[in-house]
Amino acid sequence: MADPSPEIVRKPRADAVRNRERVLEAAKAVFSAGGSEASLEAVARHAGVGIGTLYRHFPTREALYEAVYRREVEQLGDLAEQLQCAPEPVEALRRWLRANVEFVATKKGMVAALALVAHGSTELHAYSFDRLTKAIGTLLARAVAAGVIRSDISAEDVLRALIGMCYMHDQPGWQTTALRLLDVFVDGLRVQPVAKVASAKPAKNAGRKPPRKA
């Protein structure tokens, strides 16, 4: 009698994939509005699924926070790939950085919730830093190759500057300030044309002593 065939790993059913996506979308909305205190029951209601369905995909609150966080990071990475086709490399970089500021501004509640997970997870921090650094790197490399951005700046430098600009995200009016600083920062990265200083011709009588009076 033949040995039984090894168990085939089946892909998730289409409805399970849809439910997971609905839960993630609902969690993003609920966390944005309610922050770290938002209930998982509210997420399930918003997604239109039972609480049991939610727990099958995300057994803990932290697991759901982390999944939402990773999804948002991936979307920012995807945006960088899309912007590689933009006609102006500098403006593509600027647009991506602005998208990050706008994300923090419109998702403050979610940022507060996800910070609880990201703060204690070195693996999650490493993942997000690596993914966002690669996203910046693609845009930065294109701009450097085009000769419009200075080459002595790294993707890590840009990401750390961006994090610094968003540091005061809980202060009133911070977004306006952050976007202004972002423009100053990006404009400062531009390759500046070398100024041509015209050499002044010496005056005809330059260096001559005036004639002595009789």
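Up top is the structure.
The structure presented is a predicted model; accordingly, all values stated were derived computationally and were not measured. (Residues numbered from 1 in each chain as written. Predicted model: local features only at pLDDT ≥ 70, side-chain atom pairs only at ≥ 80, totals over all residues. Heavy atoms only, no water.)

**Quick notes on the overall build of the chain**
No. 1: Secondary structure assignment for the chain yields 9 helices and 0 strands.
No. 2: Ordering the α and β elements of the chain from the N terminus gives α-α-α-α-α-α-α-α-α.
No. 3: Burial analysis of the chain (214 residues in total) assigns 38% to the buried set.
No. 4: For the chain, contacts bridging at least 24 residues in sequence account for 71% of all contacts bridging at least 6.
No. 5: Counting only carbon and sulfur atoms, one obtains 56% of the accessible surface of the chain, whose full area is about 13,900 Å². (Helix = DSSP H or I, 4+ residues; strand = E, 2+ residues; numbered from the N terminus. Buried < 20%, exposed > 50% of the residue type's maximum accessible area, 1.4 Å probe, protein only. Contact = heavy atoms within 4.5 Å. Areas by Shrake-Rupley, 256 points an atom, 1.4 Å probe, with all protein chains shown as cover.)

**Some points on the environment of Ala99**
No. 1: Inspection of the secondary structure assignment puts Ala99 in helix H5 (residues 89–106).
No. 2: Sequence-wise, Ala99 and Leu76 are 23 residues apart; in three dimensions their C-alpha atoms are separated by 8.0 Å.

**Regarding the packing of aromatic side chains**
No. 1: Using the criterion set out here, one finds 0 aromatic pairs in the structure.
No. 2: A cation sits over an aromatic face here: Arg70 above Tyr127, 4.4 Å from the ring centre. (Phe/Tyr/Trp six-rings, centres within 6.5 Å; stacked < 30°, edge-to-face > 60°. Lys NZ or Arg CZ within 6 Å of the ring centre and 35° of its normal.)

**Quick word on helix H2 (residues 40–47)**
No. 1: What H2 keeps buried is the set Leu40, Ala42, Val43, Ala44 and Ala47.
No. 2: One or two steps after H2, the chain reaches Gly48, where phi turns positive at roughly 75 degrees.

**Observations concerning helix H7 (residues 122–145)**
Given 3.6 residues per turn, any residue in an α-helix points the same way as the ones three and four places further on.
No. 1: The end-to-end C-alpha distance of H7, which contains 24 residues, comes to 33 Å, matching closely the 34 Å that a straight helix rising 1.5 Å per residue would cover.
No. 2: Within H7, the full set of buried residues consists of Leu124, Tyr127, Ser128, Arg131, Leu132, Thr133, Ala135, Ile136, Leu139, Leu140 and Ala143.
No. 3: Of the residues trailing H7, Gly147 is marked for its positive phi of about 75 degrees. (Expected span 1.5 Å × (residues − 1).)

**Considerations on the environment of Val158**
No. 1: Relative to the assigned elements, Val158 resides in helix H8 (residues 155–165).
No. 2: On the basis of relative accessible area, Val158 is assigned to the buried category, the value being 1%.
No. 3: Between the alpha carbons of Val158 and Phe185 there is a distance of 9.1 Å; along the sequence they are 27 residues apart.

**Let's talk about the pattern of salt bridges**
No. 1: Tallied over the full model, the rule gives 17 salt bridges.
No. 2: Close ionic contact of Arg131 with Glu74 constitutes a salt bridge, the shortest N to O distance being 3.2 Å. One end of the pair, Arg131, is in helix H7; the other, Glu74, is in helix H4 (residues 61–83), and 57 residues separate them in sequence.
No. 3: With a shortest N-O distance of 3.8 Å, Glu81 and Arg131 are connected by a salt bridge. In this pair, Glu81 is assigned in helix H4 and Arg131 in helix H7, connecting sequence segments 50 residues apart.
No. 4: With a relative accessible area of 44%, Glu81 lands in the partly exposed category.
No. 5: Look at the salt bridges and you will find they share partners, linking Glu91, Arg94, Arg98, Asp183, Asp187 and Arg190 into a network. (Salt bridge = Lys/Arg side-chain N within 4 Å of Asp/Glu carboxyl O.)

**Considering the nonpolar core**
No. 1: Ranked by size, the top nonpolar core spans 39 residues in total, and within it Trp96, Leu97, Val101 and Leu162 carry the most contacts.
No. 2: Counting only elements with at least two residues in this core, the list comes to H4, H5, H7, H8 and helix H9 (174–189).
No. 3: Counting residues per element, this core draws most heavily on H5, at 10 residues.
No. 4: The contact partners of Leu162, leaving out residues within four places of it in the chain, are Trp96, Leu97, Asn100, Val101 and Leu182.
No. 5: Counting 19 residues, the second-largest nonpolar core is a separate cluster that includes Ala27, Val30, Phe31 and Leu54. (Core = buried A, V, L, I, M, F, W, Y, C linked by side-chain atoms within 4.5 Å.)

**Quick look at the side chain of Arg94**
No. 1: Turning to its location among the elements, Arg94 is positioned in helix H5.
No. 2: Those residues in contact with Arg94 that lie beyond four places of it in its chain are Leu182, Asp183, Val186, Asp187 and Arg190.

**What about the packing of H7 against H8?**
No. 1: Where H7 contacts H8, the two axes come as close as 8 Å, and the packing angle between them is 115 degrees. It follows that H7 is roughly perpendicular to H8 by the angle criterion. For H7 against H8, the interelement crossing comes out right-handed. Between H7 and H8, the residues in contact are Phe129, Leu132, Thr133, Ile136, Gly137 and Leu140 and Ala155, Glu156, Val158, Leu159 and Arg160, respectively.
No. 2: Considering only residue class, the contact of H7 with H8 consists of 7 nonpolar, 2 polar and 2 charged. (Axes fitted to C-alpha atoms, helices over the stretch in contact; angles between N-to-C directions. Parallel < 35°, antiparallel > 145°, perpendicular 65-115°, else oblique. Left-handed = near helix turned anticlockwise from the far one by under 90°. Nonpolar A, V, L, I, M, F, W, Y, C, P; charged D, E, K, R; others polar.)

None of the figures reported here should be taken as evidence of function without further support.
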